[in-house]
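Breakdown of the fold
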Amino acid sequence: VMTLVRPTSAHLPSFIEALQRGWDPPGTTAAEVLAKVVEDPEAFLAEAEDREGRGSPVALPDGSLVRRLPSITRWLWDGEFAGRTSLRWEVGTTALPPTCLGHIGYVVVPWKRRRGYATSALRQMLPEARALGLPYIEVTTDPANVASQRVIEANGGVLWERFTKPAAYGGSEGLRYRIALA
C-alpha cells in the first residue's frame, strides 16, 4: 500500500538510494539534490513543510531563480521511497504566478510506475488543498503525457485550457486541468 509521508530523517536513506539508483527529480539532477542533502539534511527536510514560502529560491528549468511559494512536499512511500508530490499556493487567492504551472505536481520513480501511485498521490493531496480553502486546484501536463492526463481525470480533473508554457519552461504547449474541491 502506498501512502504519503512527510519527509523525515528516517525516510532519507531510501530517498538517497533512489537518487543513487539514477532517479533525477524534475527540474534538477540527482547529483544536485544529493549535494543539498549531504550539505544540510535538516534544511533539506525543512523545505518539505514551508507553509510561509520562506525557503530558498526555486530553480526553473532554464536555470532562473524565483521566490519559493508556500508549499508542502510529501513522499510516496510503500516501505521505501516511490516518488514525490507537492502542493503550492498563494495565500488568499487561487491564482499562481506564471512561474508556477500548477498547484500540485507529482512524480513516481521509474521502477514503481504503472501501480496507480500517481493517481493515489494526487487523490491524497486533495484534502490538503481543500484545507487551505481552495475551491479548486490546477494541474498541468504535456499533451503527449497520456498517463498523466489519465491520473488527473481519474481524480475529477477537467481540461480547462491549452496554453503555451512560459519561456523558462521551454515555451511548449501544455494542458491545464482543474479539479473542483468544493
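What counts as what
Residues numbered from 1 in each chain as written. Predicted model: local features only at pLDDT ≥ 70, side-chain atom pairs only at ≥ 80, totals over all residues. Heavy atoms only, no water. Helix = DSSP H or I, 4+ residues; strand = E, 2+ residues; numbered from the N terminus. Rg over C-alpha atoms; globule rule 2.2 N^0.38 Å. Buried < 20%, exposed > 50% of the residue type's maximum accessible area, 1.4 Å probe, protein only. Contact = heavy atoms within 4.5 Å. Areas by Shrake-Rupley, 256 points an atom, 1.4 Å probe, with all protein chains shown as cover. Lys, Arg positive; Asp, Glu negative; His and termini not counted. Charge placed at Lys NZ, Arg CZ, Asp CG, Glu CD. Salt bridge = Lys/Arg side-chain N within 4 Å of Asp/Glu carboxyl O. Core = buried A, V, L, I, M, F, W, Y, C linked by side-chain atoms within 4.5 Å.

1. Focus on the overall build of the chain
Tallying secondary structure elements over the chain gives five helices and 10 strands in all. Against the compact-globule benchmark of 16 Å for 182 residues, the chain has a radius of gyration of 16 Å, which places it among compact chains. Judged by the C-alpha coordinates and their principal axes, the chain covers about 40 × 35 × 30 Å. When burial is assessed residue by residue, the chain has 47% of its 182 residues classed as buried. Taking all contacts inside the chain whose residues are at least 6 apart in sequence as the whole, residues at least 24 apart take part in 55%. A total of about 9,300 Å² of accessible surface is found on the chain, and carbon and sulfur atoms cover 53% of it. Charged side chains in the chain number 21 positive and 20 negative. The centres of these two groups are separated by 6 Å.

2. Quick notes on the environment of Met125
Looking at where Met125 falls in the secondary structure, it is placed in helix H4 (residues 117-131). Judged by its relative accessible area of 0%, Met125 is buried. Residues Met125 and Glu161, spaced 36 residues apart in sequence, show a C-alpha to C-alpha distance of 22 Å.

3. With respect to the pattern of salt bridges
Oppositely charged side chains can pair when the atoms bearing their charge come close. Within the structure shown, the criterion is met by 15 salt bridges. Arg74 serves as the salt-bridge partner of Glu49, at 2.7 Å between the closest nitrogen and oxygen. One end of the pair, Glu49, is in strand E2 (residues 49-50); the other, Arg74, is in strand E5 (residues 71-77), with 25 residues separating them in the sequence. With respect to class, Glu49 is no different from Arg74; both count as buried.

4. Some thoughts on the nonpolar core
Within the largest apolar cluster, 26 residues are counted, with the highest numbers of intra-cluster contacts made by Leu76, Ile104, Tyr106, Leu122 and Ile137. Those elements giving two or more residues to this core turn out to be E5, strand E6 (81-88), strand E7 (104-108), H4, strand E8 (136-141), helix H5 (146-154) and strand E10 (173-180). Among the elements that take part in this core, H4 stands out by supplying seven residues, more than any other. When residues no more than four places from it in sequence are discounted, the contact partners of Leu122 are Ile104, Tyr106, Val139, Val151, Ile152, Asn155 and Ile179. Counting residues in each nonpolar core, the second largest holds 16 residues, with Leu12, Leu19, Val33 and Leu45 among its members.

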